[in-house]
Amino acid sequence: MTQPFLLPKGSARHQGFAEIAAAGPITRLTLFTNVPVVLVTGYAEARALLAHPDVVRSMMEGPHRDFLTEEQVRWTDRHMLLMNPPDHTRLRKLVTAAFTRRRIDELEPRIREIAAELLDGIEAAGDGADLVELFSYPLPVTVICELVGIPVEHRESFRKWSSVAVNAPMHTPDEYIEASGQIVALIQEQIAIKTEEPADDLLSALVAVREDGDRLSAEELTSMIFLLMSAGHETTVNLITNGTYALLEHPDQLALLRAEPDRLPAAVEETLRYDGPLQVSVPYFVQAPIEIAGERLEPGEVLVFALLPANRDGRKVDRPDDFDITRPDSAHLAFGHGIHHCLGAPLARLEGRIALEMLFDRFPNLRLADPDEEPERPPGFLLNGIRTLPVLL
């Protein structure tokens, strides 16, 4: 018998998930979409299941799938996030060959340039400036567009469409079909351009990549860029915003970070643990019986990993509800675990470190415009972000 699950809203998200987790690390419930799921809230259980060979992904899933044509589906779901070995292994090998750590590290000077320009805009706006609108959103959007190779004139449209694609369950089928169709059309147009005139960008590298005579098909290439463009920036937006808010809400931790800047990577990791950019994972499926935490998971059951409570599991971390950048181990599942561990995690960490460093260096007296008001969290089941964050400089 499953219990109904209402989506936790606003600041109640952590509390709502904590109340479910208090009953045990694994709970059967029904989502607001009327889908029965097994919600995994325990850190150890989530980590074990994410790496379990009988916990798999499926292409027979996704928002509004019943309303999409087969042609629409094949241009958006042939990416590695929906694949299992050996297909996943093949795709990840090809994408990793183009999306290298060297390519990410080489972005640092440009990320700093973009951040500096955005900080100039905040200074010009003055007190009451919204950090989400002027900094934490445009920074990752600009970076991912430049990394992939999307021209400037398309970026505002992409921003609008990607918001719908990422938050698909919160939109109508027509809205999702329109947005995803526009993204696919833009990607296919750019693939044609990069095929004829390659540039020093990720899309050109993915067009050209070869491994042992293998290459990405047209559907795989389009789907992979669709994934990167739709989901490759929203999580970083939330990482930067949530990290800024956590530091401003904990002045002792901010003072420590100012006194000891070498703790910046730890501050990013603690943000990912304490208030990560995702509430839950995308769905997984059980393909064979699994015994775990006194529960028997049956084939066909849908697994959803609740990342917020898993990262605050008191069995894993002391004082889980405290934001503490001195933790010796800020272990978390914010980027997943196992074969589907986020490929873009190094880029997100790099952007997060640069953003927090430059923001607090530029504005040493930065503070919340209304410290007594809880920031609004946008509706949605997947993402955990803050809609606006007005500040005083």
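A brief look at the structure comes next. Being a predicted model, the structure only gives us computed values, none of them experimental. (Residues numbered from 1 in each chain as written. Predicted model: local features only at pLDDT ≥ 70, side-chain atom pairs only at ≥ 80, totals over all residues. Heavy atoms only, no water.)

## Observations concerning the overall build of the protein chain
Link 1 in the chain: A tally of helices and strands in the protein chain yields 17 helices and 11 strands.
Link 2 in the chain: Per-residue burial for the protein chain yields a buried fraction of 53% across its 393 residues.
Link 3 in the chain: Across the protein chain, contacts joining residues at least 24 apart in sequence account for 74% of those joining residues at least 6 apart.
Link 4 in the chain: Of note, the protein chain has its 37 positive side-chain charges centred 3 Å away from the centre of its 61 negative side-chain charges. (Helix = DSSP H or I, 4+ residues; strand = E, 2+ residues; numbered from the N terminus. Buried < 20%, exposed > 50% of the residue type's maximum accessible area, 1.4 Å probe, protein only. Contact = heavy atoms within 4.5 Å. Lys, Arg positive; Asp, Glu negative; His and termini not counted. Charge placed at Lys NZ, Arg CZ, Asp CG, Glu CD.)

## Considering the nonpolar core
Link 1 in the chain: Counting 89 residues, the largest nonpolar core has Phe135, Leu139 and Ile225 as its most contacted members.
Link 2 in the chain: Looking at which element gives the most residues to this core, the answer is helix H17 (residues 345-362), with 10 residues.
Link 3 in the chain: Here Leu139 is in contact with Ile111, Ile114, Ala115, Leu118, Ile240, Glu351 and Ala355, once residues within four sequence places are set aside.
Link 4 in the chain: Counting residues in each nonpolar core, the second largest holds 21 residues, with Val166, Ile290, Leu307 and Leu333 among its members. (Core = buried A, V, L, I, M, F, W, Y, C linked by side-chain atoms within 4.5 Å.)

## Observations regarding the side chain of Asn242
Link 1 in the chain: Assignment of secondary structure puts Asn242 in helix H13 (residues 234-249).
Link 2 in the chain: The contacts of Asn242, once residues within four sequence positions are left out, are Thr271, Asp275, Gly276, Pro277, Arg377, Asn384, Gly385 and Ile386.

## Here's the deal with the pattern of salt bridges
Link 1 in the chain: Applying the stated criterion across every chain, the model contains 31 salt bridges.
Link 2 in the chain: With a shortest N-O distance of 3.2 Å, Asp105 and Arg101 are connected by a salt bridge. With a gap of 4 residues between them, Asp105 and Arg101 both fall in helix H5 (residues 101-105), about one helical turn apart.
Link 3 in the chain: The exposure class of Asp105 is partly exposed, given its relative accessible area of 41%.
Link 4 in the chain: Close ionic contact of Arg362 with Glu123 constitutes a salt bridge, the shortest N to O distance being 2.8 Å. Here Glu123 lies in helix H6 (residues 108-125) and Arg362 lies in helix H17, a separation of 239 residues in the sequence.
Link 5 in the chain: Owing to a relative accessible area of 46%, Glu123 belongs among the partly exposed residues under this scheme.
Link 6 in the chain: Salt bridges sharing common partners tie together Arg110, Glu113, Glu117, Glu146 and Arg155. (Salt bridge = Lys/Arg side-chain N within 4 Å of Asp/Glu carboxyl O.)

## Concerning the environment of Val317
Link 1 in the chain: If you trace the backbone, Val317 turns up in the loop between helix H16 (307-310) and H17.
Link 2 in the chain: Look at Val317 and you get buried, because its relative accessible area is 8%.
Link 3 in the chain: In the structure, Val317 is positioned 14 residues away from Ala331 in sequence and 8.3 Å away in space, judged by C-alpha atoms.
Link 4 in the chain: The contacts of Val317, once residues within four sequence positions are left out, are Arg273, Asn311, Arg312 and Arg327.

## Focus: the packing of helix H9 (residues 155-166) against helix H10 (residues 173-196)
Link 1 in the chain: At their nearest, the axes of H9 and H10 sit 8 Å apart, and the two run at 125 degrees to each other. Compared by their axis directions, H9 and H10 come out oblique. Remark: the crossing between H9 and H10 carries left-handed chirality. Between H9 and H10, the contacting residues are Trp161, Ser162, Val164 and Ala165 on the first element and Glu175, Tyr176, Ala179, Gln182, Ile183 and Leu186 on the second.
Link 2 in the chain: Among the residues making up the contact of H9 with H10, the classes are represented as 7 nonpolar, 2 polar and 1 charged. (Axes fitted to C-alpha atoms, helices over the stretch in contact; angles between N-to-C directions. Parallel < 35°, antiparallel > 145°, perpendicular 65-115°, else oblique. Left-handed = near helix turned anticlockwise from the far one by under 90°. Nonpolar A, V, L, I, M, F, W, Y, C, P; charged D, E, K, R; others polar.)

## Considering helix H4 (residues 87-98)
Link 1 in the chain: Taking 1.5 Å per residue, 12 residues should reach 16 Å; H4 reaches 17 Å between its end C-alpha atoms and fits that length.
Link 2 in the chain: Buried residues of H4: His88, Leu91, Leu94, Val95 and Ala98, and no others. One side of H4 holds all its buried residues, which, seen down the axis, span an arc of 140 degrees.
Link 3 in the chain: Buried-residue contacts for H4 involve H5, helix H11 (202-208) and helix H12 (218-231). (Expected span 1.5 Å × (residues − 1). Arc of directions from axis to C-beta.)

## Some details on the pairing of strand S2 (residues 26-30)
Link 1 in the chain: S2 sits mainly inside the fold: 4 of its 5 residues count as buried.
Link 2 in the chain: As judged from the 5 bridges shared by S2 and strand S3 (residues 36-40), these two strands associate in the antiparallel manner. Looking at the pairing, Thr30 lines up with Pro36 of S3.
Link 3 in the chain: In sequence, S2 turns back onto S3 through a hairpin of 5 residues, with Asn34 there showing a positive phi of about 70 degrees. (Pairing = 2+ DSSP bridges.)

## Observations concerning the pairing of strand S9 (residues 302-305)
Link 1 in the chain: Where burial is concerned, the two faces of S9 agree: the one with Val302 and Val304 and the one with Leu303 and Phe305 are both buried.
Link 2 in the chain: Sheet analysis places S3 next to S9, joined by 3 bridges and oriented parallel. Directly across from Val38, in S9, lies its bridge partner Leu303.
Link 3 in the chain: Pairing of strand S6 (residues 284-286) with S9 involves 2 bridges; the strand directions are antiparallel.

## Digging into H12
Link 1 in the chain: When the terminal C-alpha atoms of H12 are compared, their 20 Å separation across 14 residues agrees well with the 20 Å that a helix rising 1.5 Å per residue should span.
Link 2 in the chain: With 11 of its 14 residues buried, H12 lies for the most part within the structure.
Link 3 in the chain: Here H12 has its buried residues at Glu220, Leu221, Thr222, Ser223, Met224, Ile225, Phe226, Leu227, Leu228, Met229 and Ser230.

Purely geometric stuff here, so don't read any function into it on its own.
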